[in-house]
Amino acid sequence: MKTVERDKRVDILRFIAIMGIIIAHSSPNGFILQLRNFDVTLMVLLLGTSFYLTSSDKKIKYLPYVKNGLKDSWFLRGCF
């Protein structure tokens, strides 16, 4: 099995996004609230980046990947 070295830049950006989400739920003042406006968008972009980096050498189709994730989702289990 081929081992891939982690990209530290992605990890740092993921840390910034998670800290922004945590700060957003702690009632920050206006200035900090404006600084953290990009946290969820950054997290979504990083999830796409992680998918690309992990599947770039494999033949993973996106739609079955999403369906499998939704099938296992705890949220959908609670709705149905």
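Residues numbered from 1 in each chain as written. Predicted model: local features only at pLDDT ≥ 70, side-chain atom pairs only at ≥ 80, totals over all residues. Heavy atoms only, no water.

1. Concerning the overall build of the protein chain
Part 1 of the reasoning: The number of helices and strands found in the protein chain is five helices and zero strands.
Part 2 of the reasoning: Going through the 80 residues of the protein chain one by one, you find that 14% of them count as buried. (Helix = DSSP H or I, 4+ residues; strand = E, 2+ residues; numbered from the N terminus. Buried < 20%, exposed > 50% of the residue type's maximum accessible area, 1.4 Å probe, protein only.)

2. Brief notes about the pattern of salt bridges
Part 1 of the reasoning: Per the stated rule, a full pass over the model turns up one salt bridge.
Part 2 of the reasoning: Across the salt bridge formed by Arg9 and Asp7, the nearest N and O atoms sit 3.0 Å from each other. (Salt bridge = Lys/Arg side-chain N within 4 Å of Asp/Glu carboxyl O.)

3. Considerations on the side chain of Asp39
Part 1 of the reasoning: Structurally, the position occupied by Asp39 is in helix α3 (residues 39-55).
Part 2 of the reasoning: Within polar-contact distance, the side chain of Asp39 engages the backbone nitrogen of Ile21 at 3.1 Å.
Part 3 of the reasoning: In this structure, Asp39 is in contact with Ala17, Gly20, Ile21 and Ala24, ignoring residues within four places of it in sequence. (Polar contact = N/O pair within 3.5 Å; in protein donor to acceptor, adjacent residues only side chain to side chain. Contact = heavy atoms within 4.5 Å.)

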